[in-house]
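Listed below are the residues making up each chain.
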Amino acid sequence: MATHSPTMDLTRQHGILPQKDMDDLETTIIGVGGIGSWLALALGKMGLPSFRIYDADIVEAPNIPTQAFRLEDEGKGKVQAMQEILIAFTGCSITAIPEHFAGQERLKGIVICAVDKMDTRIDIWQKFVRFNPMISLYVEARMGAEELRVYSLKPTDPDLVHRYEGNLYPSSEAFQAPCTEKSIAYTVFTSAGIISREVKAHLTGEPVAFENILGLKSRVWVVQ
Amino acid sequence: MKNTQLISIATRTQPVPQSKPMTVKDFLEMVKVTLSEVESVSVNCKRVTMEDMINPGDTVLVMTKIEGG
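Note that residues are indexed from 1 along each chain, following the sequence as it is written. Each chain takes a letter, starting from A, and each ligand takes a number, starting from 1, following the order in which they are written. Note on the predicted model: pLDDT of at least 70 is required for a residue's local features to be given, and 80 or more for side-chain atom pairs to be given and counted; whole-chain, interface and lining totals, by contrast, use all residues. To obtain the side-chain values, all non-hydrogen atoms of the structure were included, while hydrogens and water were left out.

1. A closer look at the sheet that holds strand β1 (residues 2–8) of chain B
All names here are of chain B. One open sheet holds the five strands; their spatial order is β2-β1-β7-β4-β5, and the pairing between them is mixed. With one partner strand each, in any of the chains shown, β2 (14–18) and β5 (46–48) form the two edges of the open sheet. Across this sheet, the average inter-strand angle for adjacent strands is 35°, counted without regard to direction. As judged from the three bridges shared by strand β4 (residues 38–43) and β5, these two strands associate in the antiparallel manner. The partner of Ser42 across the bridge, within β5, is Arg47. Strand pairing follows a simple DSSP-based rule, namely that at least 2 bridges must link the two strands. Strands here are runs of E lasting at least two residues and helices are runs of H or I lasting at least four, both read from the DSSP assignment and numbered beginning at the N terminus. Only the contacting stretch of a helix is used when fitting its axis, a line to C-alpha atoms as for every element, and angles between N-to-C directions run 0 to 180 degrees.

2. What to know about helix α2 (residues 78–90) of chain A
End to end, α2(A) covers 17 Å across 13 residues, agreeing with the expected 18 Å (1.5 Å per residue, within 8%). A 1.4 Å probe rolled over the protein chains alone gives each residue an accessible area, and that area as a share of the maximum for its type sets the label: buried under 20%, exposed over 50%, partly exposed in between. When we look at burial in α2(A), the residues that qualify are A:Lys78, A:Val79, A:Ala81, A:Met82, A:Gln83, A:Ile85, A:Leu86 and A:Thr90. Helix span, as expected, comes to 1.5 Å for every residue beyond the first.

3. Structural notes on the side chain of A:Thr28
All names here are of chain A. Note on placement: Thr28 falls in strand β2 (residues 26–30). Thr28 sits in the buried class, given a relative accessible area of 2%. Only heavy atoms enter the contact rule, under which two residues are in contact if any of them lie within 4.5 Å. Beyond its immediate chain neighbours, meaning those up to four positions away, Thr28 contacts Arg52, Tyr54, Leu107, Lys108, Ile110, Val111 and Ile112.

4. So, the packing of aromatic side chains
All names here are of chain A. Between rings of Phe, Tyr and Trp, where Trp is taken as its six-membered ring, a pair exists when centres lie within 6.5 Å; planes separated by under 30 degrees are stacked, by over 60 edge-to-face, and by other angles tilted. Per the stated rule, a full pass over the model turns up eight aromatic pairs over all chains. Between Tyr54 and Phe101, the ring centres sit 5.0 Å apart and the planes meet at 85°, which makes this aromatic pair edge-to-face. Residue Tyr54 is found in strand β3 (residues 50–54), and its partner Phe101 is found in the loop between β4 (93–97) and β5 (109–113); the two are separated by 47 residues along the sequence. Here the aromatic cluster, defined as three or more aromatic residues joined through ring pairs, consists of Trp125, Tyr138, Tyr151, Tyr164 and Phe210.

In C-alpha cells:
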C-alpha cells in the first residue's frame, strides 16, 4: 500500500541537489537490512520522492544495532517498520512489499540491490536488471564487518556490464564472518553515504563512480 | 628493507618487511593469503592485477569476497 504525508523543506540542499532533478523519480530498494534501511532513510532525507521497498524478513533483536529499526519494531515486518520510519522522518511516498523480489514488476528508475547473499544478487541481476533499458541507475552494495563495496552502473552499458559481471561470485565463495563480527553501525552508515553520493551524481549529471571499495578498519578508500 | 602495510579481513592490518619489488601474486603468496578468497587488491588506493608490482613501503588492501547486506 502506498502512503504519503507532508513534504520536507529542502532549502539547505537546493544548491547541491536541485529538487527539479528528482521530480517523478522512482527508487526501488531491494532488501532493507543493514545497507538498505539506512540508505532508504538517507535518500528520503535527500528528498527523493517515491520508494518501492522489498523485503520478506521480520525485524529481529540482533538487527537493531545495525539497521534503522527502533526497539519497538522487533517482530514487525521490515518493510512495514521501514514504511513507518520513512514517513515519520521524511514524508515521502512509499510502497512496502513484504516479499523477496522475484520479478513482481518491471524494475525502472533507480534500483538499489541491498540483499545479503551473492546468489540472490546474481539472480536479480541476470533475470531483471541486465540490459534493462528502464533502469537509469543500478547500485549494488556488499559489506563484511568493516569492509564495503559499492557498484554503480547503467545496466545497458556493455563495458560496465562486463566489468560488473567480473566482480560477481557465488555465495559458496564468499567469506563467512563469525556471527559476532558481521556488521557494525559505522559500516552501514558509510554505505548509505557512499550510495547516496552516487545517486546524487547520477541525478545531477556528474560522473558516477563504478566501484567504491572501502576498508574502514584501515581507513582506505578506493574509487574507480 | 621497508615495511609494506598489508590490510585484509583474513590477516588483519600488519606491517610486512619487504626488501625488493615483487608482483602482487608473489606478495600474497609470501604472506600466505589464499588467492581463491581474494576479490581484489588495491595498492596505494589504486586497484591492481595479480601481475602488477608492489614496492616496499606500499599500502596493500586485499578485499575478501564479501556478501553481507
